[in-house]
Amino acid sequence: MKINILGVIYDVQEVEYVNKFEPRKGEINYLTNEIRVDRSMPKDLKDQVLTHEILHAVFDLLGMDDLGDDEGKVQRIATALHQVFTTQNIFKIFDEEVV
């Protein structure tokens, strides 16, 4: 699957091993524009990991390296955004008629 992140196309791949040297759930390669996610995880966790890797791409493209390099902050933001967007149909709100 390909996704557009701020005008850059990333190829998202579900793989058996994200990184043969270090166990990881997901990983982004800024040189090849690839995001790799471990296929053995449940779908909800894959979605959350993809959100995490997308945030890395966003911070990189915005030149926010200090934030993008902080795994703890990226994870906390990814967890929050994933919860907000998966527990509600946020953008559906604009389809409703205001009375």
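Conventions we followed
Residue indices begin from 1 for each chain and proceed along its sequence in written order. Since the coordinates come from a predicted model, pLDDT governs what is reported: local features require at least 70, and pairs of side-chain atoms require 80 or more to be given and counted, while whole-chain, interface and lining totals use all residues. With hydrogens and water excluded, all non-hydrogen atoms of the structure serve as input to the side-chain values. Take the buried residues of types Ala, Val, Leu, Ile, Met, Phe, Trp, Tyr and Cys, join any two whose side-chain atoms come within 4.5 Å, and each joined set is a nonpolar core. Summary of the burial criterion: residues with accessible area below 20% of their type's maximum are buried, those above 50% are exposed, and those between are partly exposed, where the area comes from a 1.4 Å probe applied to protein chains only. Each helix is a run of DSSP H or I of at least 4 residues and each strand a run of E of at least 2, with the numbering of both proceeding from the N terminus. Here a residue-residue contact requires only that any non-hydrogen atoms of the pair lie within 4.5 Å. Strands were regarded as paired on the criterion that DSSP finds at least two bridges between them. Under this scheme, a helix contributes an axis fitted over its contacting stretch, all axes are lines through C-alpha atoms, and angles between N-to-C directions fall in the 0 to 180 degree range. Between 65 and 115 degrees an angle is taken as roughly perpendicular, under 35 as roughly parallel, over 145 as roughly antiparallel, and anywhere else as oblique. Two helices that cross are described as forming a left-handed crossing if the nearer one is turned anticlockwise from the farther one by less than a right angle, and a right-handed crossing if clockwise. Each residue is assigned to one class: nonpolar for Ala, Val, Leu, Ile, Met, Phe, Trp, Tyr, Cys and Pro, charged for Asp, Glu, Lys and Arg, and polar for all the others, Gly among them.

Enquirer: Give a detailed account of the nonpolar core, specifying residues and quantitative values.
Expert: Grouped together as the largest cluster of nonpolar side chains are 17 residues, with contacts concentrated most on Ile-3, Ile-5, Tyr-10, Ile-35 and Phe-59. Elements supplying a minimum of two residues to this core: β1 (2-5), β2 (8-15), β4 (34-38), α1 (43-61) and α3 (71-87). At six residues, α1 tops the list of elements feeding residues into this core. When residues no more than four places from it in sequence are discounted, the contact partners of Ile-3 are Val-8, Ile-9, Tyr-10, Val-12, Ile-35, Leu-50 and Ile-54.

Enquirer: Explain the pairing of strand β3 (residues 26-29) residue by residue, including any values.
Expert: Note: β3 against β4, four bridges, orientation antiparallel. Counterpart to Asn-29 in the pairing with β4 is Glu-34. In this structure, the hairpin formed by β3 and β4 is closed by a connection of four residues, where Asn-33 is found at a positive phi of approximately 55°.

Enquirer: Explain the packing of α1 against α3 residue by residue, including any values.
Expert: Put simply, α1 and α3 touch, their axes get as near as 9 Å, and they point 125° apart. As far as their axial angle goes, α3 and α1 are oblique. Crossing of α1 over α3 shows right-handed handedness. Contacts from Asp-44, Asp-47, Gln-48, Thr-51, His-52, Leu-55, His-56 and Phe-59 of α1 reach α3 at Glu-71, Val-74, Gln-75, Ile-77, Ala-78, Thr-79, Leu-81 and His-82. When grouped by side-chain class, the residues that make up the contact of α1 with α3 number six nonpolar, seven polar and three charged.

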